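Coordinate analysis (summary)
Chain by chain, the residues:
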Amino acid sequence: MARASFAGRAAIAGIGQTEFSKDSGRSELRLACEAVMAALADAGLTPEDVDGFATFTMDDNPEIEVARAIGAGPLRFFSRVHYGGGAACAAVMQAALAVASGAAEVVVCYRAMNERSVQRFGTGTIPRPGAATTESAHFGWYAPFGLLTPAAWVAMQAQRYLHDFGATTEAFGHVSVACRRHAATNPAAWFHGRPITLAEHQASRWIVRPLRLLDCCQESDGAVAVVVTALERARDLRRPPVVIRAAAQGASRDQHMMTSYYRDSIGELPEMAFVARQLYEQAGVRPHEFQTAVIYDHFTPFVLAQLEAFGFCGRGEAKDFVPGGRIELGGALPVNTHGGQLGEAYIHGMNGIAEAVRQVRGEAVNQVSRVQHVLVTAGTGVPTSALVLGRD
Amino acid sequence: MIARPGITHDNRFFWEGLRERKLRIQRCSACHQLQHPPAPMCTGCHSFELGAIEASGRGTIHSFVVAEHPRIPPFEYPNVIVLVELEEGTRLVSRLRGVAPDDVAIGQPVMVDFERVDDELTLHCFRPARS
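Residues numbered from 1 in each chain as written. Chains lettered and ligands numbered in written order. Predicted model: local features only at pLDDT ≥ 70, side-chain atom pairs only at ≥ 80, totals over all residues.

**Some details on the overall build of chain A**
Definition in use: Numbering of helices and strands starts at the N terminus; helices are DSSP runs of H or I of at least 4 residues and strands are runs of E of at least 2. Every radius of gyration here is taken over C-alpha atoms, with the globule rule written as 2.2 Å times N^0.38, N being the number of residues. Any residue with 12 or fewer other C-beta atoms within 10 Å of its own C-beta is exposed, any with 20 or more is buried, and the rest are partly exposed; the C-beta atoms used are placed from the backbone. Note on contacts: residues are paired as contacts if their backbone-placed C-beta atoms lie within 7 Å.
The secondary structure content of chain A amounts to 13 helices and 11 strands. In terms of C-alpha radius of gyration, chain A reaches 19 Å, essentially the compact-globule figure of 21 Å for 392 residues. Expressed along its principal axes, the backbone C-alpha trace of chain A runs to roughly 55 × 50 × 45 Å. Every one of the 392 residues in chain A was classed for burial, and the buried ones make up 62%. Residue pairs at least 24 apart in sequence account for 78% of intrachain contacts in chain A once pairs closer than 6 positions are excluded.

This is the structure we're talking about:
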């Protein structure tokens, strides 16, 4: 695999976010603008410096509306990535590619949504049912039978994972306990001050068996933005650069959107294993060189599968890796030190990127000591992406 | 109301088959590979010449979920949804009838059945089969 020419040549120069809530009381576009302005201020840049944007196809705030509101432009780079939360790190990759190639100088990545108060993802609605389109045909294999929610789509693979590897739902619970422990000491987290026990996880109500309420991420209102520019330029800005050591996307053989049920083994995430191979090649690091990781946690079972995909443990061994505090602060690999999407907020993975930046800078509320490299991953069950962020 | 499947030129044979109480699997006319969900071409040999066979309807439960929340009309809850591996080798998602949620297990043999929704739409479901 050729070493990617952009790896290590772009940096995150600023981060910004709104508060995370269940009802923001203002428009998604305003949330986007607040986060973008905060990220620019953090970087010591102004809207006039921005010449590019990157976001998700699922974001409902067009680049031109954000640009018009903040007074940015002209824009010479705008790019969006599909597949839900799988786009999170990919948007930053788009920005890194743009600034490393010279296509743009300052690219802001953002995700803003009133996901809890306006359009909940967990209610079982699908786009354009009955339309003669490829995506509607896809949903037609699932929705008419009641397999309608992200929790349900993930649960099908989670059930087989338990069967294949002899795990119990307590393995899911250890992930939830770790994230909630970290959220408990993060004032920005929705579940600040509210840790849970494994017993409370096991006693929480079923959503879609084998997933319980405490296996499911929150639904949230809020926005996060990050400013990406060339490493050389970032060195002259207000904050120490957080270097994008590696960035990769991945879709694997026989990939489906949340329903990759047709491969020989459905208890793993080969698309994330493919992303892992690319990241390790680009960054020249191995699993033991991450001091902390932000592992996308829309649902706990896929945190286990990701730990395996990245080689933190062997295939099927995550059930033995997660107990005993190993993924908590003070453990070998603290995961989701902000509380994750289970504990802090569900901003489609963008809040995890912000946390990874804080860990590299050394300013996280749950700071891990001597951080050199942080892994951050995007949505799972979908075509996905991930980043390795590191110190300059 | 049940969310309607998007019917395209690639999958019409499947949904029309259900209206005739037939469970069909797409088959490549050139290399005879079976594939589900259907595609516009053979994923094995790249032929665009595709047909279909009628499945026996026998299979086993490869995985399953029990949907409890949210409760979305018109489904009854708890709703047992299964990933069936047909004896021909392809898999598909369906509903399981006639088994209590606590009694469902991976590996159980199942047999196809059909449920008419209205004049336009018939769905497949599965019921326990003797092994």
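From this point, the discussion proceeds with the structure in view.
**Describing the overall build of chain B**
Of regular secondary structure, chain B possesses 1 helix and 8 strands. When the elements of chain B are put in sequence order from the N terminus, they spell out α-β-β-β-β-β-β-β-β. Over its C-alpha trace chain B gives a radius of gyration of 15 Å, about what one expects of a compact globule, namely 14 Å for 131 residues. In terms of overall dimensions, chain B has a C-alpha envelope of 45 × 35 × 25 Å along the principal axes. Residues classed as buried in chain B amount to 33% of the 131 residues present.

**So, the interface of chain B and chain A**
To be explicit about the condition: Residue type decides the class: Asp, Glu, Lys and Arg count as charged, Ala, Val, Leu, Ile, Met, Phe, Trp, Tyr, Cys and Pro as nonpolar, and the leftover types, Gly among them, as polar.
With 29 residues of chain B in contact, the opposing surface of chain A contributes 33 residues. Secondary structure elements with two or more residues in the side of chain B that touches chain A: strand 4 (58–67), strand 5 (79–86) and strand 6 (91–95) of chain B. Broken down by element, the side of chain B that touches chain A gets its largest block of residues, 6 residues, from strand 4 of chain B. Among the residues forming the side of chain B that touches chain A, the class breakdown is 17 nonpolar, 8 polar and 4 charged.

**Some details on the domain arrangement of chain B**
Residue and element names in this part refer to chain B. What counts is decided by this rule: Residue ranges for the domains trace back to a domain assignment, done automatically or taken from a database.
Partitioning chain B into domains gives domain 1 (7–54) and domain 2 (56–131). Placing the centre of domain 1 and that of domain 2 at their C-alpha centroids yields a distance of 21 Å. Every contact between the two is made by 8 residues of domain 1 and, on the other side, 11 residues of domain 2. Elements represented by at least two residues in the side of domain 1 that touches domain 2 include exactly helix 1 (12–19) and strand 2 (34–35).

**Here we look at helix 2 (residues 63–70) of chain A**
All names here are of chain A. Worth spelling out the cut-off: What the arc measures is the spread of directions leading from the helix axis to the C-beta atoms.
Looking only at helix 2, the buried set comprises Glu63, Val66 and Ala67. Buried residues of helix 2 fall within an arc of 100 degrees about the axis and therefore sit on the same side. Contacts made by the buried residues of helix 2 are with helix 1 (28–43), strand 2 (52–56), strand 3 (77–81) and strand 4 (106–114). Gly71 sits one or two residues past helix 2 and shows a positive phi near 80 degrees.

**Quick notes on the sheet that holds strand 3 (residues 50–54) of chain B**
Hydrogen bonds between backbone atoms are what pair the strands of a sheet, whose relative direction is either parallel or antiparallel. All names here are of chain B. This is how the line gets drawn: We call two strands paired when DSSP finds no fewer than two bridges between them.
With antiparallel pairing, the 3 strands of this open sheet are ordered in space as 2-1-3. With partners counted over all chains shown, the strands left at the sheet margins are strand 2 and strand 3, one partner each. The sheet contact formed by strand 1 (residues 24–28) and strand 3 spans 5 bridges and is antiparallel. The residue bridging Gln26 from the neighbouring strand is Ala52, located in strand 3.

**Some details on the pairing of strand 1 (residues 10–17) of chain A**
Residue and element names in this part refer to chain A. For strand 1, a buried count of 8 out of 8 residues is recorded, marking the element as mostly surrounded by other parts of the structure. Bridging between strand 1 and strand 7 (residues 221–230) involves 7 bridges; their strand directions are antiparallel. If you follow Gly16 over to strand 7, its bridge partner there is Ala225. Of the strand pairs in this sheet, strand 1 and strand 8 (residues 242–250) are connected by 2 bridges, and their pairing is antiparallel. Looking at strand 8, one finds that Ile12 is bridged to Val242.

**Quick notes on the sheet that holds strand 10 (residues 373–377) of chain A**
Residues and elements named next belong to chain A. Worth spelling out the cut-off: An axis is simply a line fitted to the C-alpha atoms; with a helix, the fit covers only the stretch in contact. Between two such axes, the angle follows the N-to-C directions and lies from 0 to 180 degrees.
Here we have 9 strands laid out as an open sheet, ordered 3-2-4-7-1-8-11-10-9, and mixed in their pairing. Among the strands making up the open sheet, the edge pair consists of strand 3 and strand 9 (292–294). On average, each strand axis in the sheet is tilted by 25 degrees relative to the strand beside it, whichever way the strands run. The pairing of strand 4 with strand 7 spans 9 bridges and is antiparallel. Bridging from a neighbouring strand, Arg111 pairs with Val224 of strand 7. The sheet strands contacting helix 1 are strand 1, strand 4 and strand 7, and the helix crosses strand 1 at an angle near 130 degrees.

**Focus on the environment of A:Asp42**
All names here are of chain A. In this fold, Asp42 is placed in helix 1. For the pair Asp42 and Cys109, spaced 67 residues apart in sequence, the C-alpha separation works out to 14 Å. Filtering out sequence-adjacent residues up to four positions away, Asp42 remains in contact with Gly14, Ile15, Gly16 and Arg239.

**Thoughts on the nonpolar core**
Residues and elements named next belong to chain A. Using the following cut-off: In plain words, the nonpolar core is the set of buried Ala, Val, Leu, Ile, Met, Phe, Trp, Tyr and Cys residues that C-beta atoms within 7 Å link up.
Counting 166 residues, the largest nonpolar core has Val92, Val107, Val226 and Leu389 as its most contacted members. Counting residues per element, this core draws most heavily on helix 3 (residues 88–101), at 12 residues. When residues no more than four places from it in sequence are discounted, the contact partners of Val226 are Ile12, Gly14, Ile15, Ala39, Val92, Cys109, Ile353, Ala354 and Val357.

**Brief notes about helix 1 of chain B**
What helix 1 of chain B keeps buried is the set B:Phe14, B:Trp15 and B:Leu18. An end-on view of helix 1 of chain B places all buried positions within 90 degrees of arc, on one side of the element.

**Quick look at the environment of A:Ser252**
Residues and elements named next belong to chain A. Counting through the fold element by element, Ser252 comes out in the loop between strand 8 and helix 9 (270–283). The class for Ser252 is partly exposed, based on 17 C-beta atoms found within 10 Å. It is 9.1 Å that separates the C-alpha atoms of Ser252 and Ala273, two residues lying 21 residues apart in sequence. If we skip the residues at most four places from it in the chain, Ser252 touches Pro270, Glu271 and Phe274.

**Notes on the packing of helix 5 (residues 150–165) of chain A against helix 10 (residues 301–309) of chain A**
Residues and elements named next belong to chain A. The condition is simple: Our angle categories are set so that under 35 degrees counts as roughly parallel, over 145 as roughly antiparallel, 65 to 115 as roughly perpendicular, and the remainder as oblique. Left-handed describes a crossing whose near helix is turned anticlockwise from the far helix by less than a right angle; the clockwise case is right-handed.
For the pair helix 5 and helix 10, the least separation of the axes is 9 Å and the interaxial angle reads 60 degrees. As summarised for this structure, helix 5 and helix 10 are arranged oblique, according to the angle between their axes. Crossing angle aside, the handedness with which helix 5 passes helix 10 is left-handed. In this structure, helix 5 uses Val154, Ala158 and Tyr161 to contact helix 10, whose residues at the interface are Pro301, Phe302 and Ala305. Considering only residue class, the contact of helix 5 with helix 10 consists of 6 nonpolar, no polar and no charged.

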